Structures are given as structure tokens and as C-alpha cells.
Amino acid sequence: MKTLRVELGDNSYPIVVGAKLLDQVGEMLTPHIKSKKVLIVSDAFVSARYMPAIQQSLETAGLDISTVEVPTGEESKSLAQFSRIQDSLVANQLDRGSTLIALGGGVVGDLGGFAAAVYMRGIPFVQIPTTLQAQVDASVGGKTAINHPKGKNLIGAFHQPKLVLIDVGTLETLSQRDIRAGLIEVIKMGVIRDQALFEMVEENLDAILNLESATLIEMISCACINKAEIVAKDEKESGLRMVLNYGHTFGHALEALTHYNRYRHGEAVSIGMNCAAQLAKNLGMFSETDFQRQGVLLRRAKLPLTFPPDITPEALCDAMYLDKKTLGGKLRLILPTRIGEVVVRDDIDDRHVLEAISQCF
Ligand SMILES: NC(=O)c1ccc[n+]([C@@H]2O[C@H](COP(=O)([O-])OP(=O)(O)OC[C@H]3O[C@@H](n4cnc5c(N)ncnc54)[C@H](O)[C@@H]3O)[C@@H](O)[C@H]2O)c1
Ligand SMILES: [Zn+2]
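Residues numbered from 1 in each chain as written. Chains lettered and ligands numbered in written order. Predicted model: local features only at pLDDT ≥ 70, side-chain atom pairs only at ≥ 80, totals over all residues. Heavy atoms only, no water.

The helix and strand tally for the protein chain stands at 13 helices and eleven strands. In summary, the protein chain has a C-alpha radius of gyration of 20 Å against a globular reference of 21 Å for 361 residues, a match within 12%. On the principal axes, the C-alpha backbone points of the protein chain span a range of 60 × 40 × 35 Å. Burial analysis of the protein chain (361 residues in total) assigns 58% to the buried set. Considering only residue pairs separated by 6 or more positions, the protein chain has 75% of its internal contacts joining residues 24 or more positions apart. A total of about 14,700 Å² of accessible surface is found on the protein chain, and carbon and sulfur atoms cover 49% of it. On the protein chain, the mean spot of the 37 positive side-chain charges and the mean spot of the 43 negative ones are 3 Å from each other. (Helix = DSSP H or I, 4+ residues; strand = E, 2+ residues; numbered from the N terminus. Rg over C-alpha atoms; globule rule 2.2 N^0.38 Å. Buried < 20%, exposed > 50% of the residue type's maximum accessible area, 1.4 Å probe, protein only. Contact = heavy atoms within 4.5 Å. Areas by Shrake-Rupley, 256 points an atom, 1.4 Å probe, with all protein chains shown as cover. Lys, Arg positive; Asp, Glu negative; His and termini not counted. Charge placed at Lys NZ, Arg CZ, Asp CG, Glu CD.)

If you want it as C-alpha cells, here you go:
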């Protein structure tokens with residue numbers, strides 16, 4: 001078991017990464033909470049599989065528990081589900097010192113986190129992420145949100161959790177496709193700032209995909225430490241945190257063009273990272289060797305590298321301008337200079353962007 005700390009002054013909190021943590025949630029939580037009332041938000045799948053153990057552990061610790069179950073899937077990041085959670089918080093008389101626990105993937109984390117951020121202007125919040133995506137990315141950093149019909153994550157708030165509990169055992173029920181898609185955020189972290197983490201994934205890919213606990217704990221801790229360091233320097237995303245968007249401007253555009261139902265987020269980001277790396281290589285910023293090295297790892301992880309034939313480079317480029325990460329109408333791109341370092345550029349001509357996209361079909 002490893003314990004890390006996200007250093008954010010008064011908002012600092014621990015992240016505990018280990019195996020078989022779910023049975024100990026009660027005792028691990030008690031030191032971090034003020035009142036006995038707890039609301040657990042989860043989705044239908046995760047709730048059926050993991051809620052009983054957690055409920056038992058919380059009851060043994062003497063906590064007063066209520067639960068809200070939302071349907072699985074991105075559609076639950078909605079005002080309707082948000083409202084249901086508020087109703088439950090009110091009905092069960094949770095007060096300012098009560099805790100909301102989000103048990104599930106990034107959807108439940110974002111939705112539950114946002115509900116906790118605004119109920120009584122903010123109540124304590126604990127994350128128990130159960131997908132690799134959520135364990136290495138969504139649960140760290142305090143971004144919470146729901147979707148608007150016109151766009152993803154348009155309604156949200158920054159709200160840091162009091163505690164994040166990561167049990168790698170929960171990954172055993174996740175599909176290989178979701179494991180691979182979550183792994184992209186780790187590989188991304190390696191490319192943007194941690195060559196050793198990138199090498200660790202290269203060397204241990206089989207153990208990771210076979211879900212060997214010790215390797216997973218090491219890798220997830222390392223990814224979380226990196227994200228925590230970035231968040232500590234830029235809690236509200238005013239600058240440095242932008243680097244986390246490596247591959248994402250292309251990836252978000254692809255997800256939007258394919259109506260969010262063809263690719264996992266991580267798969268779209270994988271194609272986006274390949275395209276950003278291609279662009280950096282074309283501009284003479286990124287070596288052929290490093291470009292190939294990233295490509296080889298993505299292929300070994302069975303992640304896609306190329307855009308689908310039914311979209312055009314022009315449509316993708318247009319969709320990139322609609323991403324909310326553009327600044328004053330300019331595309332902001334995160335481009336690698338070597339494995340372990342990226343730069344933020346907003347001066348790249350569309351001609352070059354289009355050329356790189358065209359090379360990735
Ligand atoms: N807040 C942030 O910083 C941040 C960062 C990245 C992504 N996100 C958000 O995260 C969401 C995506 O997260 P996600 O990929 O975890 O999606 P998700 O929460 O929808 O989970 C994916 C699927 O896996 C299932 N699942 C969850 N845990 C499982 C387990 N242990 N075993 C088997 N199945 C399990 C879920 O029921 C769901 O069907 C998006 O809404 C995205 O916007 C947020
Ligand atoms: Zn991502």
C-alpha cells in the first residue's frame with residue numbers, strides 16, 4: 001500500500017493506493033470525516049459489484065449511510081441525475097459536515113464531486129475510483145462537472161476531495177479495452193514529464209495488462225504523483241495544467257465528430273497523441289526515434305494510432321477550434337520535444353496541423 005499527498009495548502013489530501021482496500025474503507029475514512037452521515041453515489045454496475053463490501057465496512061465503523069445509484073454511462077453526467085443526488089442529500093438530512101463518497105469511474109466521480117461541490121456551498125467529498133482512467137486521472141485534481149446538451153463538462157466546479165482510495169483489485173472486473181484506454185493517460189504522463197514512467201510501462205506492459213497488483217500499485221502511484229505535482233502548481237488550470245491536454249485537442253475533436261459513442265476517450269487520445277507527435281516531428285521539434293518509440297508502445301498496448309476513413313482532416317481541424325481549450329480563437333497545442341518533455345504552442349499554422357492530421361489516416 002502506498003500513500004501520497006496532493007499538496008494544496010488547506011485543500012491538501014492523501015491518495016491511498018493498494019489492494020483489498022474496500023473492506024477497510026470504514027476505518028480508513030473515519031479519521032478524515034467530521035460527521036457520521038455519508039451518502040454514497042455509484043452507478044448500477046459498480047454498485048451491484050462493490051457496494052455491499054463498502055457498506056458493510058462503513059456500517060462496522062458506525063457510520064450512517066444512504067446511497068444513490070445512477071445508470072451507467074456518460075448520460076448520467078446530467079442535470080437530472082445531479083438533481084436526484086441533491087434530493088437524496090436533502091431527504092437524508094446531510095449537513096455541512098457530512099460526506100459524499102463517489103464510488104465508480106470518472107462519470108460518478110465528476111457527477112458526485114459536482115453534487116458535493118454545490119450542496120450547502122460544498123461538503124466533504126471522497127473518491128473511490130474503480131476504472132483505471134479514474135484512478136490515474138479523473139480522481140486527482142478536483143475538477144468536477146456534468147454535461148450540457150451542447151457540450152461536455154460545461155457545468156462544473158473545482159472541489160478537492162478529502163481522500164482518494166484506490167483499490168487496484170477493482171480493475172479485475174474491468175474490460176481489457178477499458179484497461180488499455182485508461183493506460184493511455186499513464187503513457188501520456190510519461191511523454192509529457194516522466195521518462196522513467198514511460199520506460200516503466202514499456203518494460204512492464206504484460207504485467208500491467210495482466211493486472212499484477214504490485215506493478216499496478218507502483219504505476220498508478222507514479223501517475224498520481226505526477227498529476228498531483230502539476231495540480232499543486234496550478235490548482236485552477238491557469239497555465240501549467242494545460243500540458244495534461246497532450247493529444248486531447250485532437251482526441252476531443254475526434255470524440256465529438258464520432259458522437260462520443262465509437263471510441264473510448266483513451267482511444268481517441270491515443271490517436272491524438274500520435275498526431276501531435278507527427279506534427280512535432282514535421283516541425284523538427286521531436287526526433288524520428290522518439291516518434292517511433294511512442295508509436296511502438298501505443299501499438300503494443302493495442303491502442304489505435306490513425307483516424308477513421310469516414311472523417312476528413314478539415315472536419316477534424318474545424319472541430320478542434322470548437323474545443324473549449326482554444327484560447328482567443330487560437331489553437332493551443334501541446335507538442336512533445338522528447339519523451340519526458342512537452343511545450344505549449346499557440347502559433348502553429350493550420351496548414352501544418354492539417355498536414356499532420358492527413359498523415360495519420
Ligand atoms: N475530472 C477530471 O479531471 C476528469 C479527467 C478525465 C476524465 N474525466 C471524466 O471521466 C469520465 C470517463 O471516466 P471512465 O472512463 O471511468 O467512465 P465511466 O465512469 O463511465 O466508467 C466506464 C464504464 O466502466 C464501468 N465500470 C466502472 N468501474 C468498473 C469496474 N471496476 N469493473 C467493471 N466495470 C466498471 C462503468 O459502469 C461504466 O460502464 C468522463 O465523463 C470524463 O469527462 C474527468
Ligand atoms: Zn484524458
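Here the zinc ion (ligand 2) is held by E185 (OE), H248 (NE2) and H265 (NE2), and the distances to it run 2.0 to 2.1 Å. Going along the chain, you hit the donors of the zinc ion (ligand 2) in the pattern E-x62-H-x16-H. Here E185, found in helix 6 (residues 176-193), pairs with H265, found in helix 10 (residues 265-282); they are 80 residues apart in sequence, far enough to count as distant. (Donors = N, O, S within 2.8 Å, 3.2 Å for Na, K, Ca; no water.)

Successive residues of a regular strand alternate their side chains across the two faces of the sheet. Pairing of strand 1 (residues 2-6) with strand 2 (residues 13-18), which is carried by five bridges, proceeds in the antiparallel orientation. Each bridged residue has a counterpart across the sheet, and for L4 the counterpart in strand 2 is I15. Count of turn residues in the strand 1/strand 2 antiparallel hairpin: six residues, of which G9 carries a positive phi of about 55 degrees. (Pairing = 2+ DSSP bridges.)

Further remarks concern the site of ligand 1. If you check the shell around ligand 1, you find 23 residues, and the closest are D43, E74, T130, T131 and T173. In the environment of ligand 1, an oxygen atom lies 2.7 Å from a nitrogen or oxygen atom belonging to the backbone of G106. Within the side chain of T173, a nitrogen or oxygen atom sits 2.7 Å from a nitrogen atom of ligand 1. Within the complex, the protein chains bury 83% of what would otherwise be the 860 Å² of accessible surface of ligand 1. Going through the elements one at a time, helix 2 (44-60), helix 4 (106-118), helix 5 (132-138) and strand 8 (151-158) are the ones with two or more residues in the shell around ligand 1. In the shell around ligand 1, the residues fall into six nonpolar, nine polar and eight charged. (Near = heavy atom within 4 Å. Polar contact = N/O pair within 3.5 Å; in protein donor to acceptor, adjacent residues only side chain to side chain. Nonpolar A, V, L, I, M, F, W, Y, C, P; charged D, E, K, R; others polar.)

Right, let's get into the packing of helix 9 (residues 248-257) against helix 10. Two elements in contact, helix 9 and helix 10, have axes separated by 7 Å at closest approach and are oriented at 135 degrees. Between helix 9 and helix 10, the interaxial angle falls into the category oblique. Crossing angle aside, the handedness with which helix 9 passes helix 10 is right-handed. Of helix 10, the residues touching helix 9 (which contributes H248, F250, G251, H252, L254 and E255) are H265, A268, V269, I271, G272, C275, A276 and L279. (Axes fitted to C-alpha atoms, helices over the stretch in contact; angles between N-to-C directions. Parallel < 35°, antiparallel > 145°, perpendicular 65-115°, else oblique. Left-handed = near helix turned anticlockwise from the far one by under 90°.)

Before going further, it helps to spend a moment on the domain arrangement of the protein chain. Per the domain assignment, the segments making up the protein chain are domain 1 (2-173) and domain 2 (176-359). A separation of 27 Å is found between the C-alpha centroids of domain 1 and domain 2. Taken residue by residue, the interface counts 28 residues in domain 1 and 29 residues in domain 2. Of the roughly 2,400 Å² buried where domain 1 meets domain 2, counting both sides, 69% is carbon and sulfur surface. (Domains from an automatic or database assignment. Buried area = accessible area lost by both parts, 1.4 Å probe.)

Quick look at the packing of aromatic side chains now. Aromatic ring pairs are described here by two measures, namely the spacing of the ring centres and the angle between the planes. Enumeration according to the criterion identifies two aromatic pairs in this entry. A ring pair is formed by F307 and F361, whose centres lie 5.5 Å apart and whose planes are at 40 degrees; its orientation type is tilted. Of this pair, F307 sits in the loop between helix 11 (288-300) and helix 12 (313-322) while F361 sits in the segment after helix 13 (350-359), placing them 54 residues apart in sequence. For F307, a relative accessible area of 3% puts it in the buried group. (Phe/Tyr/Trp six-rings, centres within 6.5 Å; stacked < 30°, edge-to-face > 60°.)

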